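Okay, here's what each chain looks like letter by letter:
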Amino acid sequence: MSAEGGLTTTGYIQHHLTNLAVCSDAAKDAAGHCHGFWTFHLDTLLVSGVLGLVVFGLMAMLASKATAGIPSGGQNFVEMVVGLVDQQVRDTFHGKSALVTPLAITIFVWVFVMNAMDLIPVDFLPFIAQKVTGNEHLPFKFVPTTDPNLTFGMSISVFLISLFMGLKVKGLGHFMHEVFTVPFGAKLAPVNFLFRVVEEVARPISLSLRLFGNMYAGEMVFILIALLGLYQLPLALPWELFHILIITLQAFVFMMLTIVYMSMAAESH
Amino acid sequence: MNINATLIGQAIWFALFIWITMKYVWPPLQKAMADRQAQIAEGLAAAERGKHEQELAAKRSADALREAKEKSAEFVAQAEKRAQQIVEEAKGNAKVEADKIVAGAKAEIEQEVERAKQQLRERVAELAVAGAEKILRKEINASVHADMLGALKQDL
């Protein structure tokens, strides 16, 4: 859709980059925009939740019918994906944990399907959402991974899990000892602590910003292509094909780094 | 880029999906995959065993065949020897029998000859006596010459 009907190019782009936010009236400014922490992005929450429920519900259904005999097509596909993730976990994570593999599977599958929303043409879902609600100017950002709230929500969860795992595997004493003595020894305990804090904080930030940045940039290119009128036709396809690579790669990278962080938390330095 | 409470919502979704995967997706799949792996390993082992057994059976059958061949050759040799023996025996028997028959026949012939000679002697003596009687009827008395005739009979 090109800029038409009184909509400027800037307006079109901004509209596509705005989340459907809800908040209490007190948090709204004069123009009705939400500010402050207690704002919810309905589109992100809704799309990611529905996608997750569908895909994990489907996987759970197939898994409940899983047999050791000749697998059905669906079971075979799920097993292939799960087996790939499990292989990565086996190669990287050497501790014993019932959590790491399911965590990695969840991340890979969920991030992949959310990224894959990027392959739907940029105006389809917003158009439907606008028709359903009857609000012509309803913003609807339907790729949840282009919302930093989602990527930070995931990366902070991963950070907390890895922290918890480190404490559980090593015990509080050993954990604190490691925090204050690695890498320079006990004499430089404050420096060690500082290093450790920087390291731990940098991880979730880089993890989430990597995914967010890649998907946001990809979405931006789709929006710009969509602005080209008829010329978008020869351009959108190659970018979609290329994007298939990016969405898979980003899902894989997020999963892989999570496994690495878990293994670092579970193993002594 | 505004960070807000959506983050908390996403963390809750994330936790829910991890829980679903941990409870309902991963364990049954893991079990199915491990079971299948065990089944495949078992199948391969069974195939290997079968192959091994087949090799053994082939070896056993070859052994049995060789043994049977040896035995049959032995039987044939024995039978040939026995046949030879029987033939020899029969030959011997036949020779003995034939000799016996020949000897019997010879003895009979001799007897026959002797009897014929005897008869002939008697007939000759009679004829001679008869002839001489006819001759001597005119010239001599038979009783006078009986001793001489008897002596003559002995000489024949």
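The structure presented is a predicted model; accordingly, all values stated were derived computationally and were not measured.

## Some remarks on the overall build of chain A
Along chain A, the regular secondary structure elements total eight helices and two strands. Starting at the N terminus and ending at the C terminus, chain A contains elements arranged as α-β-β-α-α-α-α-α-α-α. Summarising its shape, the C-alpha atoms of chain A cover approximately 65 × 55 × 35 Å along the three principal directions. For chain A, buried positions account for 35% of its 269 residues. Of the contacts made within chain A by residues no fewer than 6 positions apart, 67% connect residues no fewer than 24 positions apart.

## Description of the overall build of chain B
Assigned secondary structure in chain B consists of two helices and zero strands. Computed over its C-alpha atoms, the radius of gyration of chain B comes to 61 Å, more than 25% above the 15 Å expected for a compact globule of 156 residues. Its C-alpha atoms put chain B at 195 × 20 × 20 Å along the principal axes. For chain B, with 156 residues in total, the buried portion stands at 9%.

## Description of the UniProt feature "transmembrane region" (unreviewed entry) in chain B
Per the UniProt record, "transmembrane region" (unreviewed entry) is found at residues 6–26 of chain B. Secondary structure over residues 6–26 of chain B splits into 100% helix and 0% strand, and the C-alpha atoms at its two ends are 28 Å apart.

## A word on the UniProt feature "coiled-coil region" (unreviewed entry) in chain B
Sites flagged by UniProt as "coiled-coil region" (unreviewed entry) map to residues 102–130 of chain B. For the annotated span residues 102–130 of chain B, helix accounts for 100% and strand for 0% of the residues, and the straight-line distance between the end C-alpha atoms is 40 Å.

## Considerations on the interface of chain B and chain A
On the side of chain A, 38 residues touch chain B, which itself brings 27 residues to the contact. Per-class residue counts for the side of chain B that touches chain A are 19 nonpolar, six polar and two charged.

## Considerations on the nonpolar core
Of all hydrophobic cores here, the largest spans 58 residues; its most connected members are Ala104(A), Ile105(A), Ile107(A), Phe108(A), Val111(A), Met255(A) and Val25(B). Elements that contribute at least two residues to this core include exactly α2 (42–64), α3 (73–92), α4 (100–116), α6 (148–181), α7 (189–226) and α8 (232–266) of chain A together with α1 (6–139) of chain B. Top contributing element to this core by residue count: α4(A), with 12 residues.

## A closer look at the environment of Ala132(B)
Note that Ala132(B) resides in helix α1. Residues Ala132(B) and Ile12(B), 120 residues apart in the sequence, show an inter-C-alpha distance of 174 Å.

## Some details on unusual backbone geometry
The step from Val182(A) to Pro183(A) runs through a cis peptide bond, and the omega angle for that step is 5°. With respect to the helices, strands and loops of the structure, Pro183(A) is situated in the loop between α6 and α7.

## Points about the packing of α6(A) against α8(A)
All names here are of chain A. Contact pair α6 / α8: the axes reach a minimum separation of 8 Å and the direction vectors enclose 25°. Classified by the angle between their axes, α6 and α8 sit roughly parallel to one another. Our pair here, α6 against α8, has a crossing hand that is right-handed. Where α6 abuts α8, its residues Val158, Ser162, Met165, Gly166 and Val169 lie against Thr258, Tyr261, Met262, Ala265 and Ala266. Taken together, the residues of the contact of α6 with α8 sort by class into seven nonpolar, three polar and no charged.

## Looking at the confidence of the model for chain A
Residue and element names in this part refer to chain A. Mean pLDDT over chain A stands at 89; residues scoring 70 or higher make up 97%. Taking the mean pLDDT of every element in chain A, the minimum, 85, falls on strand β1 (residues 21–23) and the maximum, 95, on α4. Low pLDDT, under 50, characterises residues 1–5; the stretch is placed with eight contacts to residues that sit more than four places away or in other chains.

## Digging into α4(A)
Its 17 residues place the ends of α4(A) 24 Å apart at the C-alpha level, agreeing with the 24 Å of an ideal helix rising 1.5 Å per residue. The buried fraction of α4(A) amounts to 16 of the 17 residues, a majority that puts the element mostly inside the structure.

## Remarks on the environment of His15(A)
Residue and element names in this part refer to chain A. Here His15 is to be found in helix α1 (residues 9–16). Residue classification places His15 among the partly exposed positions, given that 17 C-beta atoms sit within 10 Å. On a C-alpha basis, the gap between His15 and Lys141 in space is 8.8 Å, while along the polypeptide they are 126 residues apart.

## Some remarks on the packing of α3(A) against α8(A)
Residue and element names in this part refer to chain A. Remark: α3 packs on α8, axes separated minimally by 10 Å, with the N-to-C direction vectors making an angle of 35°. Judged by the sense of rotation from one axis to the other, the crossing of α3 with α8 is right-handed. On α8, the residues that touch Val85, Gln88, Val89 and Thr92 of α3 are Met255, Met256, Ile259, Val260 and Ser263. Its residues assigned to classes, the contact of α3 with α8 comprises six nonpolar, three polar and no charged.

## With respect to the confidence of the model for chain B
Scored by pLDDT, chain B comes out at a mean of 90, with 95% of its residues at no less than 70. Predicted as a complex, the structure gets a pTM of 0.75 and an ipTM equal to 0.90.

Parameters at a glance
- Residues numbered from 1 in each chain as written.
- Chains lettered and ligands numbered in written order.
- Predicted model: local features only at pLDDT ≥ 70, side-chain atom pairs only at ≥ 80, totals over all residues.
- Helix = DSSP H or I, 4+ residues; strand = E, 2+ residues; numbered from the N terminus.
- Buried ≥ 20, exposed ≤ 12 C-beta atoms within 10 Å, placed from the backbone.
- Contact = placed C-beta atoms within 7 Å.
- Rg over C-alpha atoms; globule rule 2.2 N^0.38 Å.
- UniProt positions renumbered as here; feature names shortened; annotations may be inferred.
- Nonpolar A, V, L, I, M, F, W, Y, C, P; charged D, E, K, R; others polar.
- Core = buried A, V, L, I, M, F, W, Y, C linked by C-beta atoms within 7 Å.
- Axes fitted to C-alpha atoms, helices over the stretch in contact; angles between N-to-C directions.
- Parallel < 35°, antiparallel > 145°, perpendicular 65-115°, else oblique.
- Left-handed = near helix turned anticlockwise from the far one by under 90°.
- pLDDT = per-residue confidence, 0-100.
- Expected span 1.5 Å × (residues − 1).

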